[in-house]
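Listed below are the residues making up each chain.
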Amino acid sequence: QVQLVESGGGLVQPGGSLRLSCAASGSFSNIVAMRWYRQAPGKQRELVAAITTGGITNYVDSVKGRFTISRDNAKNAVYLQMNNLKPEDTAVYYCNADIWVGLRWTNTWGQGTQVTVYS
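Residues numbered from 1 in each chain as written. Predicted model: local features only at pLDDT ≥ 70, side-chain atom pairs only at ≥ 80, totals over all residues. Heavy atoms only, no water.

Notes on the nonpolar core
Counting residues in hydrophobic clusters, the biggest one holds 28 residues, and the most contacted among them are Trp36, Phe67, Val78, Leu80, Met82 and Tyr93. Counting only elements with at least two residues in this core, the list comes to β3 (18-25), β4 (30-39), β5 (46-51), β7 (67-72), β8 (77-82), β9 (91-101) and β11 (113-117). Per-element accounting of this core gives the leading share, 5 residues, to β9. Excluding residues within four positions of it along the chain, Met82 makes contact with Gly16, Ser17, Leu18, Leu20, Arg66, Phe67, Tyr93 and Val115. (Core = buried A, V, L, I, M, F, W, Y, C linked by side-chain atoms within 4.5 Å. Buried < 20%, exposed > 50% of the residue type's maximum accessible area, 1.4 Å probe, protein only. Helix = DSSP H or I, 4+ residues; strand = E, 2+ residues; numbered from the N terminus. Contact = heavy atoms within 4.5 Å.)

Describing the side chain of Thr113
Structurally, the position occupied by Thr113 is in strand β11. Exposure remark for Thr113: the relative accessible area of 11% places this residue in the buried category. A polar side-chain atom of Thr113 sits 3.3 Å from the main-chain amide nitrogen of Gly9. Dropping the residues within four chain positions of it, Thr113 is found in contact with Glu6, Gly8, Gly9, Leu20, Ala91, Val92 and Tyr93. (Polar contact = N/O pair within 3.5 Å; in protein donor to acceptor, adjacent residues only side chain to side chain.)

Details of the environment of Thr53
Inspection of the secondary structure assignment puts Thr53 in the loop between β5 and β6 (57-59). Put simply, Thr53 and Val32 are 21 residues apart on the chain and 5.5 Å apart in space, counted from C-alpha to C-alpha.

Focus: the packing of aromatic side chains
Tallying each qualifying case throughout the model produces 3 aromatic pairs. Relative to Trp109, the ring of Tyr37 has its centre 4.8 Å away and its plane inclined at 55°; by these criteria the two rings are tilted. Residue Tyr37 is found in strand β4, and its partner Trp109 is found in strand β10 (residues 104-109); the two are separated by 72 residues along the sequence. Between the aromatic rings of Tyr94 and Trp109, the centroid separation amounts to 6.4 Å while the plane-to-plane angle is 85°, which identifies the pairing as edge-to-face. (Phe/Tyr/Trp six-rings, centres within 6.5 Å; stacked < 30°, edge-to-face > 60°.)

Concerning the sheet that holds strand β1 (residues 3-7)
The strand order across the open sheet built from 4 strands is β1-β3-β8-β7, with neighbouring strands paired in antiparallel fashion. The open sheet has two edge strands, β1 and β7, and neither has a second partner. Ignoring which end each strand starts from, the neighbouring axes of this sheet average 15° apart. As paired elements, β3 and β8 share 6 bridges and run antiparallel to each other. Counterpart to Ser21 in the pairing with β8 is Tyr79. (Pairing = 2+ DSSP bridges. Axes fitted to C-alpha atoms, helices over the stretch in contact; angles between N-to-C directions.)

Examining the state of the cysteines
Two cysteines joined by a covalent bond between their sulfur atoms form a disulfide. Using the criterion set out here, one finds 1 disulfide in the structure. Bridging Cys22 to Cys95, the disulfide has an S-S length of 2.1 Å. In this structure, the disulfide formed by Cys22 and Cys95 twists by about -80° around the S-S bond and is classed as left-handed. Taken together, the residues span a long stretch of sequence, with Cys22 in strand β3 and Cys95 in strand β9 at a distance of 73 residues. When its relative accessible area of 0% is taken as the criterion, Cys95 is described as buried. (Disulfide = S-S within 2.5 Å.)

Pasting the structure below:
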């Protein structure tokens, strides 16, 4: 069974920084796109950032210039460096990836990690 395990959430004041990590474990052949989503209370889950195997990235407009997504293919891991955090960044952050398992692609989710920005 393939799992994505996140870490790095927590409490931070506005203007602070956090770094989220997510690593895949289990039996699989390949990971293609890796993404970070977030879901704030009462809101729909939104795509925050994505990165391809080759390192091409894209971001939702609200985090451009503040968040950086990166990955380590050798470790099957993806990271989200979040700087200049704002209260509106408060949400549960989820790791997501397209993983080749057996003979098909599987879209896999992590369990989520809470990020709270408070003043």
